[in-house]
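Remarks on the overall topology
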Amino acid sequence: MINLGIIGTGMISRNFVTTAEKTNEFKLTAVYSRTEERAKEFGEPFGAQNFFTDLNKFFESEVFSTVYIASPNDLHFQQVKQAILNHKNVIVEKPAFSNPNEMKQIITLLQAHPEVCFFEAARTIHEPSFAAIKEKLGTMKTIQGTSLTYQKYSSRYDAFLEGKNPNIFTLKHSAGALQDLGVYLVYDAVGWFGVPEEVHYFPVKLENGIDGSGIAILKYPHFQVELNIGKTSNSYLPSEIYGLKDTIVMDNAADLNEVKWVDDQRNAHPIGQLMENHLISEIKDFAKIINDPNKDLNRQLRKQWLQLAIQVNRVLYELRLSAGIRFDADELK
Ligand SMILES: NC(=O)c1ccc[n+]([C@@H]2O[C@H](COP(=O)([O-])OP(=O)(O)OC[C@H]3O[C@@H](n4cnc5c(N)ncnc54)[C@H](OP(=O)(O)O)[C@@H]3O)[C@@H](O)[C@H]2O)c1
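Residues numbered from 1 in each chain as written. Predicted model: local features only at pLDDT ≥ 70, side-chain atom pairs only at ≥ 80, totals over all residues. Heavy atoms only, no water.

**Observations regarding the environment of Phe-97**
Stated formally: Every helix listed is a DSSP run of H or I at least four residues long, and every strand listed is a run of E at least two residues long, numbered separately from the N terminus. Exposure classes here rest on a 1.4 Å probe applied to the protein chains alone. A residue is buried below 20% of its type maximum, exposed above 50%, and partly exposed in between. The contact rule is simple, with two residues in contact once any of their heavy atoms fall within 4.5 Å.
With respect to the helices and strands, the residue Phe-97 is situated in the loop between strand 5 (89-93) and helix 5 (100-112). For Phe-97, a relative accessible area of 3% puts it in the buried group. When the C-alpha positions of Phe-97 and Asn-313 are compared, they lie 7.1 Å apart, and in sequence the two are 216 residues distant. Those residues within four positions of Phe-97 in sequence are excluded, and the remaining contacts are His-76, Phe-77, Val-80, Glu-102, Met-103, Ile-106, Phe-118, Gln-179 and Asn-313.

**Considering the domain arrangement of the chain**
The condition is simple: Domain start and end points were adopted from an automatic or database domain assignment. Joining two parts hides part of their accessible area as seen by a 1.4 Å probe, and the buried area is that hidden amount summed over both. Salt bridges, as used here, are contacts in which a Lys or Arg side-chain nitrogen is within 4 Å of a carboxyl oxygen on Asp or Glu. Under this definition, polar contacts are N or O atom pairs within 3.5 Å; protein pairs additionally need one hydrogen-donor-capable and one acceptor-capable atom, and for neighbouring residues in sequence, both atoms have to be side-chain atoms.
The domain architecture assigned to the chain consists of domain 1 (2-123 + 280-303) and domain 2 (125-276 + 314-331). Placing a centre on the C-alpha atoms of domain 1 and another on those of domain 2 gives a separation of 25 Å. Taken together, the contact pairs 18 residues of domain 1 with 25 residues of domain 2. Together, the buried faces of domain 1 and domain 2 total about 1700 Å²; carbon and sulfur atoms form 49% of this surface. Its largest share of buried area at the contact with domain 2, domain 1 owes to Lys-94, Pro-100 and Arg-123, together 35% of the area lost on that side. Our enumeration of links across domain 1 and domain 2 arrives at two salt bridges. For Lys-94, the salt bridge is made with Asp-180, and the minimal N-O distance between the two is 2.9 Å. Counting across the interface, domain 1 meets domain 2 through 14 residue pairs in polar contact (both at pLDDT 80 or more).

**Points about the site of the ligand**
Keep this limit in mind: A molecule or strand has a residue near it when one of that residue's heavy atoms lies within 4 Å. With residues, only the protein chains shown are counted as cover, and all accessible areas are computed by Shrake-Rupley using a 1.4 Å probe. The nonpolar class holds Ala, Val, Leu, Ile, Met, Phe, Trp, Tyr, Cys and Pro. Asp, Glu, Lys and Arg form the charged class, and all remaining residues, Gly among them, are polar.
Taken together, 22 residues are adjacent to the ligand, and Thr-9, Ser-33, Arg-38, Asn-73 and Lys-94 come closest. Within the side chain of Thr-9, an N or O atom sits 2.5 Å from an oxygen atom of the ligand. Residue Ser-71 places a main-chain N or O atom 3.5 Å away from an oxygen atom belonging to the ligand. When the free accessible area of the ligand is taken as 900 Å², the share hidden by the protein chains comes to 80%. Per-class residue counts for the shell around the ligand are six nonpolar, nine polar and seven charged.

This is the structure we're talking about:
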């Protein structure tokens with residue numbers, strides 16, 4: 001059983017811990033929150049008994065070996081750093097870091113701490129359908145283009161419209177549509193096609209300079225990938241990858257529910273696997289590696305996911321720069 005400590009007491013933490021405990025691989029033992037009341041309110045129903053409001057004491061604690069970090073994006077860097085220095089395995093929510101400078105510092109630290117398993121919780125790449133799409137791409141004659149959509153109205157946009165300052169719509173917290181939702185689509189593109197040779201982002205900025213929505217273009221040598229991202233409206237468009245006369249169609253490029261390959265005769269063939277819970281695959285993968293980190297295959301997977309995380313972090317940064325979006329975290333050393 002892997003003892004788990006968590007940072008962040010929001011909805012995603014609840015979903016993560018609930019799913020993690022269902023696998024019988026993880027047990028929540030420690031919760032960090034800015035208030036003891038919230039830590040207890042979150043942790044007690046799971047049977048956790050250790051509650052912290054001091055981050056140093058939390059990380060020095062021996063009651064957990066793996067930390068799940070689901071705090072606002074700008075805090076991930078310092079928290080991951082502290083976790084590695086305290087020899088904790090790290091599962092950090094996407095987007096792991098604000099920019100390549102932070103990523104580089106973490107890579108250096110990980111090299112000095114080979115005992116630590118590090119994962120960015122990019123759930124889509126762990127789903128069986130993600131691998132099934134990659135496999136199908138290998139059988140298609142050619143790829144001519146791709147259009148990926150993820151537009152989901154954020155419940156926090158109501159607060160923004162009321163003049164409040166929710167974290168996810170601020171430059172201070174390294175947030176916005178590209179970082180929050182675009183990250184899934186960038187993972188899709190880089191995971192399936194590799195690193196693009198050129199990228200451009202055309203955001204619709206809100207009055208504080210954050211991107212509420214936008215269109216991104218990733219240019220590959222023989223085709224382009226278009227990303228349609230938004231937190232201020234809902235889209236029900238499917239996403240598609242265009243072959244010659246065949247097409248892969250996904251109902252949702254981030255959740256990969258229904259995926260089909262439509263052949264040149266317009267016959268649809270389901271591919272992949274419908275998952276009721278989109279966190280279960282990544283959690284099982286993390287447990288598998290943490291339980292046997294030095295197995296050859298597990299070492300390879302860690303390396304592969306880390307490489308992908310580095311590439312995605314770089315692409316997100318270049319997209320942001322192309323649109324003149326600067327985070328507060330970009331100014332820090
Ligand atoms: N994988 C997924 O499907 C998924 C879904 C949603 C979110 N996420 C990711 O999960 C992370 C958290 O997202 P979220 O929407 O839960 O964020 P959030 O509500 O803004 O904050 C998460 C938690 O961090 C603490 N917190 C909030 N504001 C803070 C501040 N100013 N300073 C310090 N701590 C603060 C709060 O816990 P306390 O009050 O207990 O301290 C809060 O519950 C993000 O990286 C996001 O991208 C992933």
